[in-house]
Amino acid sequence: MTALERATGDVVLKFEPFVLHVLCQELQDAQLLHSVAIESGFRNSGITVGRGGKIMMAVRSTHGLEVPLSHKGKLMVSEEYIEFLIHVANRKMEEN
C-alpha cells in the first residue's frame, strides 16, 4: 500500500497465467500432450508447427488477472478491494 500511495502514474495488478512450451519430435507426441493438457484444465493449450517442421506444444492456463488500481497517481479502488485481489491472485497461483 505504501508503494501504491507513492505512485505517480498508472498502477496495474497483473498475474500472468502458467505457460509451458514443449518441443516435440513427433506430431503424435504433441497431440497426446495436448489431450492431457486440455483434460487437465489447461484450455488455452495448442500445437504450432513451424516452417522448418519444428513442432511446439504450448500448455497454457486461463488463470490470468489484470486490474487497474490507480490512474495518474490517484488510487481508484479501496484497500479492502486490493486485499481481495491479492487473495484472488494467490488462489490463482495455487491453481496454476
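What you see is a predicted model, and the numbers here were worked out from it, not measured in a lab. (Residues numbered from 1 in each chain as written. Predicted model: local features only at pLDDT ≥ 70, side-chain atom pairs only at ≥ 80, totals over all residues. Heavy atoms only, no water.)

1. Regarding the nonpolar core
Inference 1: Counting 10 residues, the largest nonpolar core consists of Leu-4, Phe-15, Leu-65, Val-67, Leu-69, Val-77, Ile-82, Leu-85, Val-88 and Ala-89.
Inference 2: At the level of elements, strand 5 (65-71) and helix 3 (79-95) are the ones that each hand at least two residues to this core.
Inference 3: By residue number, the principal contributor to this core is helix 3, which donates four residues.
Inference 4: Once residues within four sequence positions are removed from consideration, Val-77 is found in contact with Pro-68, Leu-69 and Ile-82.
Inference 5: Among the nonpolar cores identified, the runner-up in size contains seven residues, and Cys-24, Ala-37, Phe-42 and Ile-55 belong to it. (Core = buried A, V, L, I, M, F, W, Y, C linked by side-chain atoms within 4.5 Å. Buried < 20%, exposed > 50% of the residue type's maximum accessible area, 1.4 Å probe, protein only. Helix = DSSP H or I, 4+ residues; strand = E, 2+ residues; numbered from the N terminus. Contact = heavy atoms within 4.5 Å.)

2. Some details on the domain arrangement of the chain
Inference 1: On domain assignment, one finds that the chain holds domain 1 (1-17 + 63-95) and domain 2 (19-62).
Inference 2: Here domain 1 and domain 2 have C-alpha centroids that lie 31 Å from each other. (Domains from an automatic or database assignment.)

3. Side note on the packing of aromatic side chains
The relation between two aromatic rings is expressed through the spacing of the ring centres and the mutual angle of the planes.
Inference 1: Within this structure, the stated rule accounts for two aromatic pairs.
Inference 2: Considering the side-chain rings of Phe-18 and Phe-42, the 5.7 Å spacing of their centres and the 50° angle between planes classify their relative orientation as tilted. One end of the pair, Phe-18, is in the loop between strand 1 (11-15) and strand 2 (19-24); the other, Phe-42, is in the loop between helix 2 (27-39) and strand 3 (46-49), with 24 residues separating them in the sequence.
Inference 3: Note on Phe-18: relative accessible area 30%, which makes it partly exposed.
Inference 4: In this structure Phe-42 comes out as buried when scored by relative accessible area, which is 18%. (Phe/Tyr/Trp six-rings, centres within 6.5 Å; stacked < 30°, edge-to-face > 60°.)

4. Some remarks on a nonpolar patch on the surface
Inference 1: A contiguous nonpolar patch, built from Leu-27, Ile-47 and Val-49 and spanning about 230 Å² of accessible area, is present on the exposed surface.
Inference 2: Inspection of the secondary structure puts Val-49 in strand 3. (Patch = residues over 30% accessible without salt bridge, like charges linked within 9 Å, V, L, I, M, F, W, Y side chains within 5 Å. Areas by Shrake-Rupley, 256 points an atom, 1.4 Å probe, with all protein chains shown as cover. Salt bridge = Lys/Arg side-chain N within 4 Å of Asp/Glu carboxyl O.)

5. Re helix 2
Inference 1: Compared with the 18 Å implied by 1.5 Å per residue over 13 residues, the 18 Å span of helix 2 between its first and last C-alpha is a close match.
Inference 2: Just beyond helix 2, the residue with positive phi is Gly-41, at close to 100°. (Expected span 1.5 Å × (residues − 1).)

6. Notes on the pattern of salt bridges
Inference 1: Counted according to the given criterion, the structure contains one salt bridge.
Inference 2: Close ionic contact of Glu-16 with Lys-14 constitutes a salt bridge, the shortest N to O distance being 3.1 Å.
Inference 3: Given the relative accessible area of 53%, Glu-16 is considered exposed.

7. Overview of the sheet that holds strand 1
Inference 1: Taken in spatial order, the three strands of this open sheet run 1-5-6, and their pairing is antiparallel. A strand with exactly one partner marks an edge of an open sheet, and here the two such strands are strand 1 and strand 6 (74-75).
Inference 2: Along the sheet, helix 3 makes contact with strand 1, strand 5 and strand 6, crossing strand 5 at roughly 155°. (Pairing = 2+ DSSP bridges. Axes fitted to C-alpha atoms, helices over the stretch in contact; angles between N-to-C directions.)

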